[in-house]
Each structure stands twice: as structure tokens, then as C-alpha cells.
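Each chain, written out:
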Amino acid sequence: MQIYKSVENEEYLRLEEESEASITVRKEGRSANILSIQVPKGDRREGVGEALLKSCCSLLYDDGIRRVEADFLDEISGMTEFFNEMGFETEDGVSVMSVDVSAILSNKKVKKTLQAGFGNASFEPLSELFVVQWDDFVTTLAEQNIKISNSDIARFSQELSGVVYDKENEIKAFIFCTEDGKNVHVDLVASADAKSAVYAMTAIQGMLKVIVESGGASKYKTITYLMVNEKINQIFDIILNGDVKPETVGKTIHAFKKLSDTDQFDEYDIEEDLDEDMDDEWQREIRKVPKQSNVSWKTVWHRNDGRDLGKDISSGMKSSAKSSAYGDEGSSGMNEDVVIDFDKEEDETDGLICKDTVRITADNLGELAGFLSPQAALDMKRPFFRGIVAYVEDTKEIGAVIVYEYKNLDEEADTEAEITWFAVYDEDAGQRLIDEFENEIEEDGTVRTYYEVHDLSESERKILENVGFDITEKESSEMILTLDDLENVPVLNKKCPDFVKSISKLGDKDFKRGVANCLFHDRKGLLEDIAFLPKNWYDMDLSSYIEEDENITSVFLIHRDVTGCMVTDLLFTSGSDYTVEILGMLRYSLKAALSKYKGNTMVKVKRHNKQVEALMKKLFPNKKGEKVLYIEKGED
């Protein structure tokens, strides 16, 4: 039996066996969660699954992992026995409840409620939060001790998930959902009001309203959720007036095992066959890991993390789950606190820069939720982004954080660094952090550093000025538009040429050829890591290409960030008619976007070179960017 490593990085490990059986795990600090075990029907009960799990545990132990966990449904035949035989402990979880969407939406009380609105409260989907609202949202999550990883936030349905505001425009509740085909999974409902569950109820009603607006029962079949506490059932019962009863469709099982050097793991040879296309596994969505019918891993359930929803709703959202990255009893291993040993010497800790100052890595990224924007946290998993965190001296309290991206690091051009996130909570820690940051970028040959931000605290301004940064007010390089703005431009609101096509029609190899053509012409738009990004990182309905003589000559790449804003990453053509092809792709993407999103959906265009600046000036002669602080040091 031969086993191969096909993915191995800081966050994921995937092993495959020659019969196409596989195991995929996600690493979190010193714990790991099994996301999927797959064995072809003809090879089941032949020891293949056992070999994969033992081999996986062996590699995880060598990598410092000391606890392995898995969650699955009790309906999966033989899984409890399998894990018990492998030395795992198993325990019953909670009931999985299901409500039929058509039954909900046909309910008279629900119809009346949704038509009447939410009174003094309002529901805003994540996709429609403005930047300022998003910052408040992240801050509130941190204040309420809701520990959801930023990568999970990015995977939530940005339309069905949302925030409830009261009449004072303060955040009062959240709902986080994911979609699986025609099924909606409610991963978390929580109210920030300790006195009432009314806002949590409004969050569910807001989700239902979005479901109605997006197609109702013709698009969605069921709503499922974990009954961590009877309170969630009570909310559904109130909304439905007792007319529709949720159905119990299963129960979760939690399996866990502490790894030790006494375990006999090394029974199988493991060879490396790392897939270059999958090496940056952070860019894959977990829900796209293939599943087989008898191992229906419900990784979506992990995000509840053992949280007591009843306490969330009625007691200020205090989690009942134990929390330790070192595998305490009762820990789920997801989104846990990472313990840092401040007494370690520098050569014992890869991420340690100096006492109380460390590089941001996969191991400590989880503890920074609330101290980084969701976008900054996601960016930290991309190749050219770096980060440093400084702690208040001799404590484990976070004092300052910085995230930055290297520009031209792998090229002959001068290396630059763009700061994308800088926050200071303690001035001494902030000064240590900026000193270490300056040392880091100097060692990497950086000749210029810049930062564009709407505001700075007094401490942040003082620290930057102390090390020689110039701070001036200017117009932002980013232009924020809406789809309505674009539709009102006459030259864009014309028929789209037939030769422009969606990148979804391209195979992966052809897509890479198109990217290679851009790089050959020294064009990468906003993406330093464009060579590493897969096709599905972009919004494939909106991104487009043009082919001439079997060559991909033009591409327009767009993705949606964690706020739901459309970001134009790259607009490039090397074709025979520059103007026709550029306008053709702009028209195609605008038409596709208007058919899919609301007119007030934001579009972000960064005028990063003279060509983009000239195009924006021609299309929007009277449009200006917001006033920002431009912070710079080094050559201009």
C-alpha cells in the first residue's frame, strides 16, 4: 500500500492512496480537524482508511500536533466504530434540525411579518456593509468574545448572513449562514443584547427575507441548524407560530484523540507527490473538498465550536466551550486561543523577532481576531504578505499589529512595501513593532514604504512620524463606484460583443496561459501573487477574457472582498484592437454584474498606474476619490 502527500502547508495536510482514497485535515495551532476521509467502495473494510489515518497522525505528530478531532453525523454507518478502533474517544453531540423552506414561506404569520418589516430594527446582509460598518461589526465580535476565524467569515454566504441594528444604529445581533446546494445551514445566531432574544429573532427573519428576495422555495429547499440549546428552537417556534415544527434529521458525533510518542504510527511508507496547483491550499474553499455518499462530513457544523446558543442569546454571548490550542478536554480544536511561551529563546521559536514581538504565522493568526480586519487576516495567507504583532511588555496582551505586502520582491525592480493594516493599542508596543518592521523591510532591500488610510490615532501618527514617515492629506488612489454609476456611463451601457466570454469557460491550463501572457507583458494589476491564484479565486461570472487565434490575449479579472465589494484586479489586452477589447470586457462584466447583484453594490477601482487613471478620468470626469492620509517613506 503506497500513500502520497498531495498537500502540505501551514494550514492543511492531504494524503492520498493509490486507489484514490484520501484524508484531508486542517491544522489549528497544536490541534487538527479531519475534514474528509474518502475510500472508494471497492476498497472499504480493507484497511485503507486505517492506513490513511495512522499515516496522517504520524505526520501531524512530527509537525507538533498533539490532538486530532473529527465531527460527523451519527447516520454515517460504521464511523463511530472506526474511530473507536483507532483509539479515538467519541461523544454524542447535538441534534441537527431541519425546516422546510416552502413550509416557512407559505406560513401566514411569516408572510405578514416579512411584509411589515422589523420595526425599529434593521437587517443588513454582510454583502451590503460599508467599510465603516464592517469595522464596527468586527469590533463587536471581539467585544462579545465570538471567536470565528476570518477565513470562516469569508466563506459565509455574504447575502444570507447579516447584522441587526437597532434604531440607534448599534449592532444588536448576528446570523452566519452557509449554502450547500439548495440547503441553507445556520451556523450561528447570536444577540448582543443580554436582556432579550428579539434581535436574534430579527436576524432569522432578515435571513428569511433575503431568501424570499433571491428566489424563495424555488432556490432553497431546507434550513438546517444545530440545536445546541432549546432557545434556538423556541425562536423558530415563535416565528412560525407553532404551525411548522422543525424536524430532527440527525445527531452529531465528536471524535478526539491525544497524540503521544507511544502511539504506533509508522507502519506505512509515505512519499511526496505535492500538487503545485494545490500547494497554496488556503485559496481553496473547504466546502469544495469532494465528499462521498457514506462519509458526509458536515464541516460546516464545526463553526459553532460548541457554543451555547442559549447563553449567546440570553446571557451576553458567553461561550461554554473550553478553549485551548493544546487540546484540553471538551475543546473542539477550531478557532482556539494560541498560547505563546514568552520565555522561549529566539532560536526555539521560528516566529520570534525579539522579546514580546513576533511574526504573524498560521499558529498565532487565530488569536488576532478583532485586532485585524477580516481582509487583513485573509491576506496574511497570501505569498507576499507579512505581519508582525507586538505584545504589551511581559504580558500576553496584544499591543500593536502591522500587515504589509511586498511589491516587486521577485523582480528586478526596486522592492517596495505597502502597509495594509496598522493598529496601535499600547504606545510602547507600537514603537517596538515599528522598529522591528523597519529592520525587517531594510533586510529585504525595500526602498520605499507607503500606506493609505482614512484616519490615524494620535499614537499611530506619533510612532510613524518618529521613524521618518511623511504624512499628507490627498485624494485616495481608490475610486469607489456602484453598479448604478457604471450603468449610467453611455459608452458602457451598450451591446456586449460576442467575442467576450466568461473565464468559467476556460480550463485551468488555458487560464494559466492567459495569466502567463499578462506576466510576459509585465502586467499583473493589483496582484503580486497573480501567478499563484487559481481561477476560482475570482468571480467567474464577472471576470472575462478574449481569445484570438487560440491565444488568450485579453483578461478582466474581478473578485469580491469580504465586505462584498467588487474589486477590479486586472484589466489587460494585448489584442489587435485595444479600445474595442477593453470596452467589450467592461460591458460584459457590467451586464453580468447587473444580472446578479443590486445596483448599489460597490465596485472598487484602484488607480495604480497611468492607464487606469486615464480610463477613470475619461469615464468619470467629475468623480473624485475620498480624502485620505497618505503616509510614505523612501524614494517616490
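Structural data are supplied above this passage.
Presented here is a report on the structure given in the accompanying data block. For clarity, every value in this text was computed on a predicted model and none was experimentally measured.

**Here we look at the packing of aromatic side chains**
A ring pair, where both rings are aromatic, is described by two values, the distance of the centres and the angle of the planes.
Part 1 of the reasoning: In this structure the tally under the stated criterion is 11 aromatic pairs.
Part 2 of the reasoning: Ring centres 5.5 Å apart and planes at 15 degrees place the aromatic pair Phe-72 and Phe-83 in the stacked group. One end of the pair, Phe-72, is in strand β5 (residues 67-73); the other, Phe-83, is in helix α2 (residues 79-85), with 11 residues separating them in the sequence.
Part 3 of the reasoning: Classification of Phe-72 by relative accessible area gives buried; the value is 2%.
Part 4 of the reasoning: With a relative accessible area of 0%, Phe-83 lands in the buried category.
Part 5 of the reasoning: Look at Trp-537 and Tyr-538: their rings are 5.2 Å apart centre to centre, the planes differ by 90 degrees, and that puts the pair in the edge-to-face class. The residues Trp-537 and Tyr-538 share a single accessibility class, namely buried.
Part 6 of the reasoning: Taken together through their ring pairs, the aromatic side chains of Phe-72, Phe-82, Phe-83 and Phe-88 make up a single cluster.

**Things to note about a negative patch on the surface**
Part 1 of the reasoning: Negative charge collects at one region of the surface, where Asp-74, Glu-89, Glu-91 and Asp-92 lie side by side.
Part 2 of the reasoning: Examined against the element boundaries, Glu-91 turns out to sit in strand β6 (residues 89-100).
Part 3 of the reasoning: Its relative accessible area of 36% is what places Glu-91 among the partly exposed residues.

**Remarks on the pairing of strand β25 (residues 566-573)**
Part 1 of the reasoning: The element β25 is extensively covered by neighbouring structure, given that eight of its eight residues are classed as buried.
Part 2 of the reasoning: Alignment of strand β24 (residues 551-560) against β25, held across seven bridges, turns out to be antiparallel. Directly across from Val-555, in β25, lies its bridge partner Phe-572.
Part 3 of the reasoning: From the end of β24 to the start of β25, which pair antiparallel, there are five residues, and Gly-564 there has a positive phi angle of about 90 degrees.
Part 4 of the reasoning: The parallel pair β25 and strand β26 (residues 602-606), bridged by helix α16 (residues 578-596), forms a crossover whose chirality is right-handed.

**Digging into the packing of helix α12 (residues 427-443) against helix α13 (residues 458-466)**
Part 1 of the reasoning: At their nearest, the axes of α12 and α13 sit 10 Å apart, and the two run at 35 degrees to each other. Every pair of crossing elements has a handedness; the one defined by α12 and α13 is right-handed. On α13, the residues touching Glu-427, Gly-430, Gln-431 and Ile-434 of α12 are Ser-459, Lys-462, Ile-463, Leu-464 and Asn-466.

**Points about the pairing of strand β8 (residues 162-165)**
Part 1 of the reasoning: In β8, alternate side chains face the same way, and those of Gly-162 and Val-164 on one face and Val-163 and Tyr-165 on the other are all buried.
Part 2 of the reasoning: Pairing geometry for β8 and strand β9 (residues 171-180), over four bridges, is antiparallel. Directly across from Gly-162, in β9, lies its bridge partner Ile-175.
Part 3 of the reasoning: The antiparallel pairing of β8 with β9 creates a hairpin that spans five residues between the two strands, and Asn-169 there sits at a positive phi of about 65 degrees.

**Looking at α13**
Part 1 of the reasoning: Among all positions of α13, only Glu-460, Ile-463 and Leu-464 are buried. The buried residues of α13 all sit within an arc of 95 degrees when viewed along its axis, so they share a single face. Within α13, the exposed residues directed more than 90 degrees away from the buried face are Glu-458 and Asn-466.
Part 2 of the reasoning: On the buried face of α13, the contacting elements are β18 (415-424), α12, β20 (470-475) and β27 (627-634).
Part 3 of the reasoning: Among the residues trailing α13, Gly-468 stands out with phi positive, at a value near 95 degrees.

**What about the pattern of salt bridges?**
Part 1 of the reasoning: Here the structure, examined in full by the defined rule, presents 26 salt bridges.
Part 2 of the reasoning: Across the pair Arg-14 and Glu-16 runs a salt bridge whose closest N-O atoms are separated by 3.2 Å.
Part 3 of the reasoning: Since its relative accessible area comes to 10%, Arg-14 is described here as buried.
Part 4 of the reasoning: One network of salt bridges, in which partners are shared, links Glu-405, Lys-407, Glu-418 and Lys-606.

**Here's the deal with the side chain of Thr-357**
Part 1 of the reasoning: One can find Thr-357 in strand β15 (residues 357-359).
Part 2 of the reasoning: On the accessibility criterion, Thr-357 (0% relative accessible area) is buried.
Part 3 of the reasoning: Polar contacts involving the side chain of Thr-357 include one to the side chain of Arg-432, which spans 3.4 Å.

**Quick word on unusual backbone geometry**
With glycine set apart, most residues show a phi of negative sign, and most peptide bonds adopt trans.
Part 1 of the reasoning: The backbone of Asn-169 shows a phi angle near 65 degrees, a positive value even though the residue is not glycine.
Part 2 of the reasoning: As for its placement among the helices and strands, Asn-169 is situated in the loop between β8 and β9.

**Structural notes on the packing of helix α4 (residues 108-116) against helix α7 (residues 198-213)**
Part 1 of the reasoning: Where α4 meets α7, the axes come as close as 10 Å, and the angle between the chain directions of the two elements is 90 degrees. Here α4 is positioned roughly perpendicular relative to α7, judged by the angle of their axes. Between α4 and α7, the contacting residues are Val-110, Thr-113 and Leu-114 on the first element and Gln-205, Leu-208, Lys-209 and Val-212 on the second.
Part 2 of the reasoning: Residue classes in the contact of α4 with α7 are distributed as four nonpolar, two polar and one charged.

**Concerning the nonpolar core**
Considering soluble globular proteins, one finds that nonpolar side chains tend to be buried as a cluster.
Part 1 of the reasoning: In terms of nonpolar packing, the biggest core is built from 36 residues, with Ile-175, Ile-204, Met-207, Leu-208, Ile-211 and Ile-223 touching the most fellow members.
Part 2 of the reasoning: With nine residues, α7 is the single largest residue contributor to this core.
Part 3 of the reasoning: Ignoring anything within four residues of it in the chain, the contact list for Ile-204 reads Ile-175, Val-189, Ile-232, Ile-235, Phe-236 and Ile-239.

**Structural notes on the environment of Glu-465**
Part 1 of the reasoning: Tracing the backbone through its elements, the reader meets Glu-465 in helix α13.
Part 2 of the reasoning: For Glu-465, a relative accessible area of 42% translates into the label partly exposed.
Part 3 of the reasoning: Separated by 166 residues in sequence, Glu-465 and Ile-631 place their C-alpha atoms 9.3 Å apart.

**Here's the deal with the state of the cysteines**
In a disulfide, the sulfur atoms of two cysteines are covalently bonded to one another.
Part 1 of the reasoning: Applying the stated criterion to the full structure yields zero disulfides.
Part 2 of the reasoning: Cys-57 takes part in no disulfide bond, and the closest cysteine sulfur, belonging to Cys-56, lies 5.8 Å away.
Part 3 of the reasoning: You can call Cys-57 buried: its relative accessible area is 3%.

**Examining helix α1 (residues 48-62)**
Part 1 of the reasoning: In this model, α1 (15 residues) spans 21 Å end to end at C-alpha, consistent with the 21 Å of a helix rising 1.5 Å per residue.
Part 2 of the reasoning: With 13 of 15 residues buried, α1 is to be regarded as a mostly interior element.
Part 3 of the reasoning: A positive backbone phi angle near 90 degrees is found at Gly-64, which sits one or two residues after α1.

**Some details on the sheet that holds β25**
Part 1 of the reasoning: Across the sheet, which stays open at both edges, the six strands sit in the order β21-β26-β25-β24-β23-β22 with mixed pairing between neighbours. The outermost strands of the open sheet, each flanked by one partner alone, are β21 (478-482) and β22 (500-502). The mean angle between the axes of side-by-side strands here comes to 30 degrees, regardless of whether they run parallel or antiparallel.
Part 2 of the reasoning: Relative to strand β23 (residues 544-548), β22 is paired through three bridges, and the arrangement is antiparallel. Looking at the pairing, Ser-502 lines up with Ser-544 of β23.

Reading the values: the criteria
- Think of each chain on its own: its residues are numbered from 1, step by step along the sequence as written.
- Since the coordinates come from a predicted model, pLDDT governs what is reported: local features require at least 70, and pairs of side-chain atoms require 80 or more to be given and counted, while whole-chain, interface and lining totals use all residues.
- Heavy atoms throughout the structure, all of them, feed into the side-chain values; hydrogens and water do not.
- Centres within 6.5 Å make a pair out of two Phe, Tyr or Trp rings, where for Trp the six-membered ring is used; the pair is then stacked when the planes are under 30 degrees apart, edge-to-face when over 60, and tilted otherwise.
- The numbering of helices and of strands both runs from the N terminus, where a helix is a DSSP run of H or I of at least 4 residues and a strand a run of E of at least 2.
- Exposure classes here rest on a 1.4 Å probe applied to the protein chains alone. A residue is buried below 20% of its type maximum, exposed above 50%, and partly exposed in between.
- Grouping into patches uses exposed residues only, defined as over 30% relative accessible area, and leaves out salt-bridged ones; the cut-off is 9 Å for like charges and 5 Å for nonpolar side chains (Val, Leu, Ile, Met, Phe, Trp, Tyr).
- In this description, accessible areas are obtained by the Shrake-Rupley approach with a 1.4 Å probe, and a residue is regarded as covered only by the protein chains that are shown.
- Only one rule defines a salt bridge in this text: a Lys or Arg side-chain nitrogen within 4 Å of an Asp or Glu carboxyl oxygen.
- His residues and chain termini do not enter the charge count, which takes Lys and Arg as positive and Asp and Glu as negative.
- The location of each charge is read from NZ of Lys, CZ of Arg, CG of Asp or CD of Glu.
- Note on pairing: DSSP must find at least two bridges between two strands before they are called paired.
- We call a crossover right-handed when, viewed with both strands directed away from the observer, the connection leading from the first strand over the helix to the second proceeds clockwise.
- Think of each axis as a best-fit line through the C-alpha atoms, taken over the contacting stretch in the case of a helix, with angles from 0 to 180 degrees between the N-to-C directions.
- Left-handed describes a crossing whose near helix is turned anticlockwise from the far helix by less than a right angle; the clockwise case is right-handed.
- Note on contacts: a residue pair is in contact if any heavy atoms of the two residues lie within 4.5 Å.
- Each C-beta atom gives one direction from the helix axis, and the arc is the one those directions make.
- Whenever two N or O atoms come within 3.5 Å, that pair is a polar contact, provided that in protein one can donate a hydrogen and the other can accept it, and provided that, for residues adjacent in sequence, both atoms are side-chain atoms.
- Any angle that falls under 35 degrees is termed roughly parallel, while one over 145 is termed roughly antiparallel, one within 65 to 115 roughly perpendicular, and all others oblique.
- Any residue outside Ala, Val, Leu, Ile, Met, Phe, Trp, Tyr, Cys, Pro, Asp, Glu, Lys and Arg is labelled polar, Gly included; the first ten of those are nonpolar and the last four are charged.
- By nonpolar core we mean a set of buried residues, namely Ala, Val, Leu, Ile, Met, Phe, Trp, Tyr and Cys, connected to one another through side-chain atoms within 4.5 Å.
- Put simply, a disulfide is two cysteine sulfurs that come within 2.5 Å.
- What a helix is expected to span follows from its residue count: subtract one and scale by 1.5 Å.

As far as function goes, none of this settles anything; it's purely spatial.
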